[in-house]
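Here is how the chains run, residue by residue.
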Amino acid sequence: GIGQLYGKHPFLITTLKPVPVGTDGAVSVEGTLAGLAAGALIGVLGASFGLYGVQGILFVTIGAFIGTTFESILGAVASVGNRLNNELLNFLNTLVGGVAAGLLALVFRSS
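Attention in this report is confined to the structure presented alongside it. (Residues numbered from 1 in each chain as written. Predicted model: local features only at pLDDT ≥ 70, side-chain atom pairs only at ≥ 80, totals over all residues. Heavy atoms only, no water.)

1. A closer look at the overall build of the protein chain
Here is step 1: Within the protein chain one finds four helices and two strands.
Here is step 2: From first element to last, N terminus to C terminus, the protein chain shows the α and β order α-β-β-α-α-α.
Here is step 3: Residues counted as buried form 25% of the 111 residues belonging to the protein chain.
Here is step 4: Long-range contacts, defined as pairs at least 24 residues apart, comprise 45% of the intrachain contacts of the protein chain with a sequence gap of at least 6.
Here is step 5: Surface summary for the protein chain: the accessible area is close to 7,200 Å², and the carbon and sulfur share equals 71%. (Helix = DSSP H or I, 4+ residues; strand = E, 2+ residues; numbered from the N terminus. Buried < 20%, exposed > 50% of the residue type's maximum accessible area, 1.4 Å probe, protein only. Contact = heavy atoms within 4.5 Å. Areas by Shrake-Rupley, 256 points an atom, 1.4 Å probe, with all protein chains shown as cover.)

Here is the structure:
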C-alpha cells in the first residue's frame, strides 16, 4: 500500500517497535494518513450518492480507520506461521470497518 511506498518509519502496531517496510502488522504515519484520506473519500462518495447525510462521512472515515487498524493487529498476531491470507485479512478489514461505521450511525442516530 501507500505506507509501503512512502512510509519512512514503519512500526509494529502490537509492540510499537520499528520494523522493516512490508512487515505484516506494520503501520506508518504516511500509510495511516493515506487510509484516513481514502476512508473520507469513500464517505464523500456515499454521501454524494445520497446513501447517508454529511455526518455519515465521519462514520465511514472512522469505520475505515477501525477496520484497517484491526487488520494490522491481526496481521501482526497471525503473521506467526502465516495463518491468515491477504484476502481473508481484507475481508475482515472491510467487515469490521463496515460494522463499526454502522454502529456509530446507530449510536449517534438514537442520541
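2. So, unusual backbone geometry
Here is step 1: At Leu-16, a position not held by glycine, the phi torsion is positive, near 65°.
Here is step 2: Examined against the element boundaries, Leu-16 turns out to sit in the loop between strand E1 (11-12) and strand E2 (26-27).

3. Some points on the packing of aromatic side chains
Here is step 1: All chains considered together, the criterion is met by one aromatic pair.
Here is step 2: When the ring of Phe-59 is compared with that of Phe-108, the centres are 5.7 Å apart and the planes differ by 20°; the resulting orientation is stacked. Here Phe-108 lies in helix H4 (residues 86-109) and Phe-59 lies in helix H3 (residues 55-78), a separation of 49 residues in the sequence.
Here is step 3: Overall, Phe-59 belongs to the buried group, its relative accessible area being 8%.
Here is step 4: Taking relative accessible area as the criterion, Phe-108 reaches 44% and is therefore assigned partly exposed. (Phe/Tyr/Trp six-rings, centres within 6.5 Å; stacked < 30°, edge-to-face > 60°.)

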